[in-house]
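Remarks on the overall topology
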Protein chains: 2
Amino acid sequence: MKPIKVGLLGLGTVGTGVVRIVEGHQEDLQSQTGSAIEIAKVLVSNKSKARDISIDASKLTEDPWEIIHHPDIDVIVEVMGGIEQTKQYIIEALSRGKHVVTANKDLMALHGPEILAVAQEHGCDVLYEASVAGGIPIIRTLIEGFSSDRITKIMGIVNGTTNYILTKMSQEGASYSDVLKEAQALGYAEADPTSDVEGLDAARKMTILATLGFRANVALDDVSVQGISSVSREDIQYAKRLGYELKLLGIAERQDDEFSISVQPTMVKQTHPIASVNGVFNAVYVHGEAVGETMFYGPGAGGMPTATSIVADLVAVVKNLKLGVNGKQGIMTYKEKKLKTDEQISSKYFLLLHVADRAGVLARITQVFADFEVSLESVLQQPNPVNPEAEIIVITHDANKAAMQKVLQTFEELDVIRKVKSVYRVEG
Amino acid sequence: MKPIKVGLLGLGTVGTGVVRIVEGHQEDLQSQTGSAIEIAKVLVSNKSKARDISIDASKLTEDPWEIIHHPDIDVIVEVMGGIEQTKQYIIEALSRGKHVVTANKDLMALHGPEILAVAQEHGCDVLYEASVAGGIPIIRTLIEGFSSDRITKIMGIVNGTTNYILTKMSQEGASYSDVLKEAQALGYAEADPTSDVEGLDAARKMTILATLGFRANVALDDVSVQGISSVSREDIQYAKRLGYELKLLGIAERQDDEFSISVQPTMVKQTHPIASVNGVFNAVYVHGEAVGETMFYGPGAGGMPTATSIVADLVAVVKNLKLGVNGKQGIMTYKEKKLKTDEQISSKYFLLLHVADRAGVLARITQVFADFEVSLESVLQQPNPVNPEAEIIVITHDANKAAMQKVLQTFEELDVIRKVKSVYRVEG
């Protein structure tokens with residue numbers, strides 16, 4: 001079989017990793033696929049920039065169309081990022097019969113169904129293992145490994161930046177702002193960290209995972225999102241004292257055929273396997289009706305881990321080319337999307353309240369929970385170490401989201417409550 | 001497409017799980033594959049036995065050949081176990097063009113290459129995801145997820161029985177024999193537990209994983225095996241005090257193109273992700289040159305988890321049938337097998353020695369390590385709590401296996417050493 005020619009869009013950390021793996025593991029790739037794989041053209045923003053790897057200058061171009069319209073290129077590997085313009089490149093490449101491997105979670109979360117439809121129309125593969133959880137082959141696992149099962153829950157630590165921040169806050173008792181600065185200095189957080197710390201990056205990844213796990217086209221707007229920027233070190237210390245770790249979890253849950261998807265800081269029982277996933281590592285916990293509890297752990301980002309997933313997708317495209325079965329993955333989303341209402345979404349909650357330190361306060365507060373039929377697992381009242389008021393810590397039994405919202409609304413009008421300091425979902 | 005007809009060999013816990021999933025998830029399976037999947041015939045040892053599931057009596061047979069020679073059956077699912085006779089059935093089924101899905105680790109570890117060769121000759125699939133680590137899709141992960149990478153290390157807790165025993169001994173300070181009895185009563189250990197507790201079951205699974213990870217045909221004889229039957233509760237308590245957990249680990253390691261495979265009780269640093277895998281759960285830790293550290297966790301046995309893997313394989317066979325690409329997985333083992341010599345196999349070791357309590361003993365012992373160029377990470381001498389002698393605990397730096405064997409031989413002749421109480425490999 002003739003060499004497969006790859007057009008690479010982007011030569012940053014991940015693109016460089018792709019070149020390194022394709023060149024360094026050429027013999028292995030050829031043994032597995034029966035074809036040589038050649039990086040034929042690479043899109044860069046500046047051809048004369050100094051680079052970490054030696055690459056033939058004639059392969060570099062600053063013109064994307066030179067790659068997308070190149071008659072000899074079989075596969076486009078997209079690691080440049082961006083949404084609208086990148087989508088245009090990919091759609092055009094597919095319409096010319098080129099297969100696409102992408103690491104672009106933003107693109108797949110926002111335009112996945114449209115891109116996959118164009119691919120199918122032209123008999124092309126679009127593979128995107130690298131778009132979620134870097135080096136962990138979680139997309140393959142959901143599509144193939146659990147094809148036989150009904151996934152009931154996916155919980156993911158799918159953002160390394162926020163997990164690094166929360167781990168440092170937990171292990172060193174540091175403040176959010178101090179750790180964020182450190183993460184920025186180390187290159188684990190961007191200069192503008194909004195997308196990571198406000199949960200948007202995780203929400204995009206959960207959109208992709210929920211779509212595959214529940215086999216219905218989930219949209220980014222279906223995900224309720226809360227970030228970690230208001231998490232205090234006190235919250236984390238309380239969590240630890242009660243036997244929990246605070247993690248930014250993406251949670252997709254299904255009961256019968258109705259589901260909900262959210263991203264929020266969550267108190268996870270320390271005995272749960274996902275509680276001990278620390279630093280920039282990612283993990284995806286998957287519960288299936290038949291299989292039960294599983295978890296997949298690994299590096300969530302980084303040039304080489306992400307490139308591992310991209311080149312594995314490239315191998316799959318080349319194997320499909322050899323067998324003539326590209327674009328025939330079968331239907332992956334065939335279920336109707338039915339989202340749960342707030343009345344149907346149920347979980348345990350942790351609340352930390354600052355209250356007036358006088359008789360009858362606890363009775364007033366617990367009555368509010370009772371009024372909305374939220375039952376309590378544990379209640380602790382203690383003096384606030386700083387102010388002349390008391391603290392009340394409550395962990396509820398499973399309560400529905402709508403009832404909890406009513407409890408919180410009522411608390412706002414209750415004069416004995418000085419402040420609802422924190423409210424977190426509880427898992428495990 | 002016409003319904004795909006499955007012949008099921010065996011209707012124990014796993015076979016029953018297969019029937020439950022195929023019937024219960026029929027609509028999902030059909031949406032994914034485009035075909036109905038029907039359990040057409042089932043081999044049982046006694047047709048009139050009472051069963052947990054209702055199954056049409058006309059589907060049951062006590063004659064394996066009725067299934068293997070059945071002209072309408074497309075796929076054989078083998079969950080009966082056994083080796084020589086089962087192999088005969090499978091080879092015969094393949095030679096008649098039937099695809100095979102099997103959970104049989106013994107068969108695949110001993111005769112995998114031969115069976116896969118027959119399958120290829122007849123254009124048939126043989127899939128065996130369920131043969132290792134029950135519900136964890138680790139075989140797919142090694143073949144597809146990491147097709148792009150060079151695996152350098154696989155460490156597996158791949159036997160639930162021994163992990164249950166070691167977890168109980170660690171958490172409750174119980175003795176090996178007491179926990180074994182309890183495990184037998186709960187059905188986690190067989191009446192004759194030899195295959196599990198002596199490491200043979202784990203060795204068979206590691207043969208399969210190493211073959212896929214290193215892409216060379218590893219044989220069971222290539223695995224050096226030591227079980228857990230001589231592990232004492234003292235060993236486990238020492239391990240914990242030093243910050244380790246004692247686990248039965250399968251370890252397959254590669255440097256350049258030479259590798260070694262072993263199964264042995266191993267002291268794993270408590271901070272290593274595999275150290276906290278407890279009870280009957282399984283986990284496989286995979287290190288790749290490019291991807292770095294990953295781990296895959298889930299139920300290692302049980303009817304429904306194992307059936308999840310089997311039916312996922314069945315879905316893959318049906319998708320291949322639809323595309324006409326069965327038996328074309330590509331070459332999975334193309335590397336020459338080069339095993340490391342004992343001089344090349346290197347790890348850290350823990351030793352617990354009972355020694356005479358007199359001057360100069362520690363000097364004599366440390367000199368032996370020095371003579372064979374084994375350097376030491378830490379040494380602790382303390383009075384033995386029971387006998388009028390001293391205990392010496394040594395943790396070495398990386399030492400080669402041949403040198404350690406010479407150290408241990410020399411210790412046998414050293415009069416100041418009363419007993420080499422324990423020797424364990426150390427990881428993490």
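Not measured: the values here are computed from a predicted model. (Residues numbered from 1 in each chain as written. Chains lettered and ligands numbered in written order. Predicted model: local features only at pLDDT ≥ 70, side-chain atom pairs only at ≥ 80, totals over all residues. Heavy atoms only, no water.)

Comments concerning the pattern of salt bridges
- What the rule picks out here adds up to 55 salt bridges over all chains.
- Close ionic contact of Arg-140 of chain B with Glu-129 of chain B constitutes a salt bridge, the shortest N to O distance being 3.2 Å. With Arg-140 of chain B in helix H6 (residues 138–145) and Glu-129 of chain B in the loop between strand E6 (126–127) and H6, this pair connects stretches of sequence that are 11 residues apart. Taken individually, Arg-140 of chain B and Glu-129 of chain B each receive the classification buried, so the pair is uniform in this respect.
- A single network of salt bridges, built from pairs that share partners, joins Asp-28 of chain A together with Arg-150, Arg-215, Arg-254, Asp-257, Glu-289 and Lys-335 of chain B. (Salt bridge = Lys/Arg side-chain N within 4 Å of Asp/Glu carboxyl O. Helix = DSSP H or I, 4+ residues; strand = E, 2+ residues; numbered from the N terminus. Buried < 20%, exposed > 50% of the residue type's maximum accessible area, 1.4 Å probe, protein only.)

A short note on the interface of chain B and chain A
- Opposite the 46 residues of chain B that make contact, chain A presents 46 residues.
- Between chain B and chain A the total buried area reaches about 4100 Å² when both faces are included, carbon and sulfur atoms providing 55% of it.
- Taken together, the connections running from chain B to chain A amount to 8 salt bridges.
- The closest approach of N and O atoms between Glu-144 of chain B and Arg-140 of chain A, which form a salt bridge, is 4.0 Å.
- Joining chain B to chain A, the criterion identifies 18 residue pairs in polar contact (both at pLDDT 80 or more).
- Sorting the residues of the side of chain B that touches chain A by element identifies helix H1 (13–24), helix H2 (26–33), H6, strand E12 (292–299) and helix H12 (303–323) of chain B as the ones contributing at least two each. (Contact = heavy atoms within 4.5 Å. Buried area = accessible area lost by both parts, 1.4 Å probe. Polar contact = N/O pair within 3.5 Å; in protein donor to acceptor, adjacent residues only side chain to side chain.)

With respect to a nonpolar patch on the surface
- Taken together, the side chains of Leu-186, Tyr-188 and Val-280 of chain A make up a nonpolar region of the molecular surface, amounting to roughly 260 Å² of accessible area.
- Along the chain, Leu-186 of chain A turns up in helix H8 (residues 176–186). (Patch = residues over 30% accessible without salt bridge, like charges linked within 9 Å, V, L, I, M, F, W, Y side chains within 5 Å. Areas by Shrake-Rupley, 256 points an atom, 1.4 Å probe, with all protein chains shown as cover.)

Digging into the domain arrangement of chain A
Residues and elements named next belong to chain A.
- Its domain assignment divides chain A into domain 1 (4–134 + 303–323), domain 2 (145–299) and domain 3 (346–427).
- Opposite the 21 residues of domain 2 that make contact, domain 3 presents 17 residues.
- In total, domain 2 and domain 3 occlude about 1400 Å² of area from one another, counting both sides; carbon and sulfur atoms represent 52% of this.
- If you look at where domain 2 meets domain 3, you find 2 salt bridges.
- Glu-253 is the partner of Arg-425 in a salt bridge, and the nearest nitrogen-oxygen pair spans 3.0 Å.
- Where domain 2 touches domain 3, the interface holds 9 residue pairs in polar contact (both at pLDDT 80 or more).
- Within the residue set of the side of domain 2 that touches domain 3, elements represented by two or more residues are strand E7 (151–157), helix H11 (233–241), strand E9 (244–255) and strand E10 (258–269).
- Sorting elements by how many residues they give to the side of domain 2 that touches domain 3 places E10 first, with 7 residues.
- Grouping the amino acids of the side of domain 2 that touches domain 3 by side-chain chemistry returns 10 nonpolar, 6 polar and 5 charged. (Domains from an automatic or database assignment. Nonpolar A, V, L, I, M, F, W, Y, C, P; charged D, E, K, R; others polar.)

Structural notes on the UniProt feature "binding site: NADPH" (unreviewed entry) in chain A
Residue and element names in this part refer to chain A.
- Per the UniProt record, the feature "binding site: NADPH" (unreviewed entry) sits at Lys-105.
- In this structure, Lys-105 sits in helix H5 (residues 105–121).
- When sequence neighbours within four positions are dropped, the list of residues in contact with Lys-105 reads Ser-131, Asp-201, Arg-204, Lys-205 and Ile-208. (UniProt positions renumbered as here; feature names shortened; annotations may be inferred.)

Details of helix H10 (residues 200–214) of chain B
- Taking 1.5 Å per residue as the helical rise, H10 of chain B with its 15 residues ought to reach 21 Å, and the 20 Å between its terminal C-alpha atoms agrees with that figure.
- Summarising burial for H10 of chain B: 14 of the 15 residues are buried, a large majority. (Expected span 1.5 Å × (residues − 1).)

Describing the environment of Ala-216 of chain A
Residues and elements named next belong to chain A.
- Here Ala-216 shows up in the loop between helix H10 (200–214) and strand E8 (223–225).
- Of the residues examined, Ala-216 reaches a relative accessible area of 0% and is grouped as buried.
- If sequence neighbours within four positions are ignored, Ala-216 has contacts with Thr-211, Phe-259, Thr-333, Lys-335, Glu-336 and Lys-337.

With respect to the UniProt feature "active site" (unreviewed entry) in chain A
All names here are of chain A.
- Those residues carrying the UniProt feature "active site" (unreviewed entry) are Lys-205 in this numbering.
- Along the chain, Lys-205 turns up in helix H10.
- Leave out the neighbours within four places in its chain, and Lys-205 touches Lys-105, Ser-131, Val-132, Val-158 and Asn-159.

Some remarks on the relation of the copies chain B and chain A
- Turning chain B through 180° and shifting it by 0.0 Å along the axis lays it on chain A, with an RMSD of 0.0 Å. Classification of the inter-copy transformation places it as that of a two-fold axis. Residue Phe-296 of chain B, judged by its C-alpha, is the member of chain B lying nearest the rotation axis, at 2.4 Å. (Least-squares fit on C-alpha atoms with pLDDT ≥ 70 in both.)

What about the environment of Asp-149 of chain B?
- Mapped onto the elements, Asp-149 of chain B comes out in the loop between H6 and strand E7 (151–157).
- In this structure Asp-149 of chain B comes out as buried when scored by relative accessible area, which is 0%.
- Considered as a pair, Asp-149 of chain B and Val-268 of chain B are 119 residues apart in the sequence and their alpha carbons are 25 Å apart.
- Asp-149 of chain B has contacts with His-25 and Thr-308 of chain A together with Arg-215, Gly-288, Glu-289, Ala-290 and Val-291 of chain B, leaving out every residue within four places of it along the chain.

Let's talk about the pairing of strand E15 (residues 390–396) of chain B
Residues and elements named next belong to chain B.
- Within E15, 7 of the 7 residues are buried, which leaves the element mostly enclosed by the surrounding structure.
- Here E15 shows two buried faces, one formed by Ala-390, Ile-392, Val-394 and Thr-396 and the other by Glu-391, Ile-393 and Ile-395.
- For strand E14 (residues 376–383) and E15, the ladder comprises 7 bridges, and the chain directions are antiparallel. Each bridged residue has a counterpart across the sheet, and for Gln-382 the counterpart in E15 is Glu-391.
- Turn length for the E14-E15 hairpin, with the two strands adjacent in sequence and antiparallel, is 6 residues. (Pairing = 2+ DSSP bridges.)

Looking at the sheet that holds strand E5 (residues 99–102) of chain B
All names here are of chain B.
- Here we have 6 strands laid out as an open sheet, ordered E3-E2-E1-E4-E5-E6, and parallel in their pairing. This sheet does not close on itself; its edge strands, each paired only once, are strand E3 (60–61) and E6.
- Pairing analysis gives 2 bridges linking strand E2 (residues 37–43) to E3, with the strands arranged parallel. From the neighbouring strand, Val-42 faces E3, where its bridge partner is Leu-60.
- Most of the contacts of H12 go to E5, to which it runs at about 165°, and overall it touches strand E1 (4–9), E2, strand E4 (75–78), E5 and E6. (Axes fitted to C-alpha atoms, helices over the stretch in contact; angles between N-to-C directions.)

Some remarks on the side chain of Asp-201 of chain B
All names here are of chain B.
- Mapped onto the fold, Asp-201 is located in helix H10.
- At 2.9 Å, the side chain of Asp-201 and the side chain of Asn-159 are in polar contact.
- Those residues within four positions of Asp-201 in sequence are excluded, and the remaining contacts are Lys-105, Val-158, Asn-159, Ser-195 and Asp-196.

Considerations on the nonpolar core
- Core analysis: the largest hydrophobic core is formed by 156 residues, its most contacted members being Ile-138 and Ile-165 of chain A together with Ile-138 and Ile-165 of chain B.
- Other than its neighbours up to four places away in sequence, Ile-138 of chain B contacts Glu-129, Val-132, Ala-133, Leu-209, Val-284, Val-286 and Phe-296 of chain B.
- With 32 residues, the next largest nonpolar core counts Ile-4, Val-44, Ala-130 and Val-315 of chain A among its residues. (Core = buried A, V, L, I, M, F, W, Y, C linked by side-chain atoms within 4.5 Å.)

Considerations on the side chain of His-25 of chain B
- Along the chain, His-25 of chain B turns up in the loop between H1 and H2.
- Accessibility expressed as a relative area gives 7% for His-25 of chain B, which makes it buried.
- Excluding anything up to four places from it in sequence, His-25 of chain B contacts Ser-148, Asp-149, Arg-150 and Glu-289 of chain A together with Arg-20 of chain B.

Concerning the environment of Ser-276 of chain B
All names here are of chain B.
- Within the secondary structure, Ser-276 is located in the loop between strand E10 (258–269) and strand E11 (281–288).
- In sequence terms Ser-276 and Thr-167 are 109 residues apart; their C-alpha atoms lie 9.4 Å from each other.
- A polar atom in the side chain of Ser-276 sits 3.4 Å from the backbone oxygen of Pro-273.

Details of the sheet that holds strand E5 (residues 99–102) of chain A
Residue and element names in this part refer to chain A.
- Reading across the sheet, the 6 strands line up as E3-E2-E1-E4-E5-E6 and stay open at both edges, with parallel pairing between neighbours. The sheet is open, and its two edges are formed by strand E3 (60–61) and strand E6 (126–127), each paired on a single side.
- Pairing between strand E1 (residues 4–9) and strand E2 (residues 37–43): 6 bridges, direction parallel. The residue of E2 that forms the bridge with Leu-8 is Val-42.
- Across the sheet, helix H4 (residues 84–95) lies against E1, strand E4 (75–78), E5 and E6, angled at about 165° from E4, the strand it touches most.

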